[in-house]
Amino acid sequence: MIIAAITVVNAAVCKYQNSLVLIMNLYPNLIKEALQTVRYPGTGKNLIEADMIADNIRIDGMSVSFSIVFEKSTDPFKNSILKAAEKAIHTYVSPDVQVSITAESKQAPRPEVGQLLPGVKNIIGVSSGKGGVGKSTVAANLAVALARLGFKVGLLDADIFGPSVPKMFQVEQTQVFSVHKEGRDLIMPVEKYGVKLLSIGFFVDPDQATLWRGGMASNALKQLIGDADWGDLDYFVIDLPPGTSDIHLTIVQTIALTGAIVVSTPQEVALADARKGINMFTNDKVNVPILGLVENMSWFTPAELPDNKYYIFGKEGVKRLAEEMNVPLLGQIPIVQSICESGDAGEPVALHSDTITGRAFMQLAASVVRQVDKRNLEQAPTQVVEMHS
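These lines cover the structure that appears in this document, whether it is placed above or below. (Residues numbered from 1 in each chain as written. Predicted model: local features only at pLDDT ≥ 70, side-chain atom pairs only at ≥ 80, totals over all residues. Heavy atoms only, no water.)

1. Concerning the packing of aromatic side chains
The tally for this structure, following the rule as stated, stands at 6 aromatic pairs. For the ring pair tyrosine 40 and phenylalanine 77, a centre distance of 5.5 Å and an interplane angle of 90° mean the geometry is edge-to-face. Taken together, the positions of tyrosine 40 in the loop between helix H2 (28-35) and strand S1 (58-60) and phenylalanine 77 in the loop between strand S2 (63-70) and helix H3 (78-92) put the pair 37 residues apart, joining distant regions of the chain. Residue tyrosine 40 is classed as buried on the basis of its relative accessible area, which comes to 12%. On the accessibility criterion, phenylalanine 77 (29% relative accessible area) is partly exposed. Aromatic side chains tryptophan 299 and tyrosine 311 sit 6.2 Å apart centroid to centroid with 70° between the ring planes, which places their arrangement in the edge-to-face category. One end of the pair, tryptophan 299, is in strand S12 (residues 290-300); the other, tyrosine 311, is in the loop between S12 and helix H9 (317-325), with 12 residues separating them in the sequence. Lysine 309 extends its terminal NZ or CZ atom over the ring of tryptophan 299, reaching a point 4.0 Å from the ring centre. (Phe/Tyr/Trp six-rings, centres within 6.5 Å; stacked < 30°, edge-to-face > 60°. Helix = DSSP H or I, 4+ residues; strand = E, 2+ residues; numbered from the N terminus. Buried < 20%, exposed > 50% of the residue type's maximum accessible area, 1.4 Å probe, protein only. Lys NZ or Arg CZ within 6 Å of the ring centre and 35° of its normal.)

Written out as structure tokens, the structure reads:
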């Protein structure tokens, strides 16, 4: 008799609980109270304080739907926040609520890979097989020389771990800002000598080493490319890191290079690495055309003896390599003290076409223009590389 009575009571309780679910009224403030328990890690504020809940809460019986608004579509906390919000409603409102949450972003998404630079006609990667051959000097002066020829030019310092462009253009203290354009916050490149510039050096302490894993460096590089207002450019010059690395792979998987320029000194140890650099671009997986080679530090010419040439690192080694690899020799740049002084002073020597090196860089720019035109006439556009493991 006692057991029967307990069974009846339990049945009544269950029926009562079920009736509570059926008669429960959901309302927006009830949902918001639950969402106040969820904190966004980026600010420490709850979702209501952070104004992250869109004004679109919809309730239909025991179903509720709404949107959570993030600053960017790539927000790293997005998935965890969506799960935490659903759990909060089930915990503080009822486990029987059917929850539908969508993620929105204040900023329009970054364009797809291959469509990041719609206003750029030609993208040139300046590379070297090893460090210390003057690759960044060549990239900076090539950009300035192209601008002096009347072209619209951008220069991206992609050497994430050793940025030098801010120093070479004397813009180290320049504050970079962003503009809101077409639903996105875009970084505005710094402009000097007619060249639009961006470098990770604008965003890190120049006195501190950049200790980033490969993924962090690649993501930073993608931002400098895809989240910047580069606008319309005839030539987009990219100063790549020396050697071969994740950065090179990120570049060819993100944008389609028109071609690559490989810089080397004439000495044999540099030429051996230059061969590897050429192979990196021309192998079947990457397939980026080599526009040509640049021989830097070809000879030393004292300022007081402008007609004298001293071949400190060997004579015409890069010229022989160009003939061997069947690629053009775009230019030979001599060593003159002024080239170092100009770089340190933030005034690229290409600005002074009355000097030996200034003329050499102007001739290099003219050679690059001819070679790019020839490449575009004779070859199909480069495709963004798809890597398969």
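2. Thoughts on the pattern of salt bridges
All told, the structure shown has 7 salt bridges when counted by the stated rule. Taking the shortest distance from any N to any O, the salt bridge between lysine 374 and glutamate 378 comes out at 3.1 Å. Of this pair, lysine 374 and glutamate 378 both sit in helix H11 (residues 356-378), separated by 4 residues, roughly a single helical turn. Overall, the relative accessible area of 40% leaves lysine 374 in the partly exposed class. Residue glutamate 378 is classed as exposed on the basis of its relative accessible area, which comes to 54%. (Salt bridge = Lys/Arg side-chain N within 4 Å of Asp/Glu carboxyl O.)

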